[in-house]
Amino acid sequence: MELMDKLTHVFRQGLSNSFYPVPQEAIGVGSAFEGWSPHAHDLVYRVLVPLSSPPGHAFHLDTAGMLRSNFCVRVELLCTCTREQLGEDMLCFLHHPEEELRRRQDPSLLHTLCTGTNLDVEKTVHWFCRSVRVAWLLLPESHHWRLTPQPSSRSCKFQLSKDNESFVVEMVLGVRQGDSDVFVGSQPAEGRLPSTAWLETYAVAEAKFFRHISRQAPQDSWHCKCLQLLARFQTGRGFSSYALKTVVMHLLNTVPPTQWRRGDFRQRLLDILRYLHCSLETKQLHHFVLGNASLPLEISLPSAVRDAEAPNLFQHLESRPDVHAEAVQEYVQLLHW
């Protein structure tokens, strides 16, 4: 996170006279920051980098088509004549002739990273990755560590290595929904998406929930070790490590933190397995954040998210008997281990 802070600082200095999105302080998300990453040798540090609109621009989130989880980030030009009158060195994109704007000022965001009036994910990620590589060369760490870009069209992913040490960082770009902990992000997804589609993500809310539990739990709490152990043995396509994480989050929200000590380890493992078994039998596992009115108040959610009907993460098992059979077999193997 110190490295991310340094990169963001250099980034902002380079963007001071341009009209590109402004990166804010990165937020650690995912298993590495939540404390349960199952494979230490294959660790990926995922961070979400919030983007704010540059001067003279505003971001508006519009749902894309019929899918509630897909959004477009519409870019609107704002009048900045007042700022110009106050002596700020910026021309108003709305009220100055285009020829003068081209001659005296960098182009607006609409002319660089947008498709139509919508912020383009792939263009924005490509710009961000290119800028990270430039900013990296200005950091002292670049003299000792080697930065190697990794292929990814919707996130900025790279490996840092020095001697026998190496780790992978994946930077997902996001736009915050209001002042909440819910974002629309550039995270990769299954299948091909339009380049203007930003996906709703609850990764920040989930990471905040794990931090909330860690503050409440005793020092010898083993809740992360339970999840880490089960996720390490989980393989196949029947259910994912995210499904295991969802089960554990539901239990953490109901079983007091004082009951996750080392001495409770076996009982909590059995609780997780029973919950998973019941979910597989009924083919129902509710999303933890969406529609959960019992989340800690420190996790800020839009009312539409808190009041929504929780999606069923196991809905695919209802229409795919083969996948359901495989999931049950995976559960039996997990139980055996």
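Reading guide: rules and limits
- Residue positions are given per chain, counted from 1 along the sequence in the order it is written.
- Residue-level local features of this predicted model are given only where pLDDT is at least 70; pairs of side-chain atoms are given and counted only at 80 or more, and the full residue set underlies all totals for whole chains, interfaces and linings.
- Only hydrogens and water are removed before side-chain values are computed, so all heavy atoms of the structure are retained for them.
- For this document, the term salt bridge refers to a Lys or Arg side-chain nitrogen within 4 Å of an Asp or Glu carboxyl oxygen.
- The secondary structure listing takes helices from DSSP runs of H or I that are at least 4 residues long and strands from runs of E that are at least 2 residues long, numbered from the N terminus.
- Accessible area is worked out with a 1.4 Å probe on protein chains only. A residue is then buried under 20% of its type maximum, exposed over 50%, and partly exposed in between.
- Angles run from 0 to 180 degrees between N-to-C directions of axes, and those axes are lines fitted to C-alpha atoms, restricted for helices to the stretch in contact.
- Oblique is the label for every angle not falling under 35 degrees (roughly parallel), over 145 degrees (roughly antiparallel), or within 65 to 115 degrees (roughly perpendicular).
- Throughout, a crossing is termed right-handed when the near helix is turned clockwise from the far one, and left-handed when it is turned anticlockwise from it by less than a right angle.
- The criterion used for residue contact is that any of the two residues' heavy atoms lie within 4.5 Å.
- Only Asp, Glu, Lys and Arg are considered charged, only Ala, Val, Leu, Ile, Met, Phe, Trp, Tyr, Cys and Pro nonpolar, and every remaining residue, Gly among them, polar.
- For a helix, the expected span equals 1.5 Å multiplied by the number of residues minus one.

Quick notes on the pattern of salt bridges
A complete count under the given rule lists 15 salt bridges for this structure. One salt bridge in this structure joins E100 and R104, with 2.7 Å as the shortest N-O distance. Taken as a pair, E100 and R104 lie in helix 4 (residues 98-104) at a separation of four residues, close to a single helical turn. The exposed category is assigned to R104, whose relative accessible area is 52%.

Re unusual backbone geometry
The residue D163 is not glycine, and still its phi comes out positive at about 55 degrees. Of note, D163 is situated in the loop between strand 9 (156-162) and strand 10 (165-176). Phi is positive for K283, which is not a glycine, with a value near 60 degrees. Along the chain, K283 turns up in the loop between helix 9 (265-282) and helix 10 (303-306). K283 gets classed as partly exposed once you look at its relative accessible area, which sits at 25%.

Here we look at the packing of helix 9 against helix 12 (residues 321-336)
It is the contact of helix 9 with helix 12, at a shortest axis distance of 11 Å, that shows an interaxial angle of 165 degrees. It follows from the interaxial angle that helix 9 and helix 12 lie roughly antiparallel. Crossing handedness for the pair helix 9 and helix 12: left-handed. Residue-level inspection shows L273, L276, H277 and L280 of helix 9 in contact with helix 12, the latter providing H324, A327, Y331, L334 and L335. The class makeup of the residues in the contact of helix 9 with helix 12 is seven nonpolar, two polar and no charged.

Let's talk about helix 8 (residues 241-252)
Along its twelve residues, helix 8 runs 16 Å from first to last C-alpha, staying within 8% of the 16 Å computed at 1.5 Å per residue. For helix 8, a buried count of ten out of twelve residues is recorded, marking the element as mostly surrounded by other parts of the structure. Buried within helix 8 we find A243, L244, K245, T246, V247, V248, M249, H250, L251 and L252. Against the buried residues of helix 8 lie helix 2 (31-34), helix 6 (203-216), helix 7 (223-233), helix 9 and helix 12.

Remember, this is a structural readout, not a statement about activity or role.
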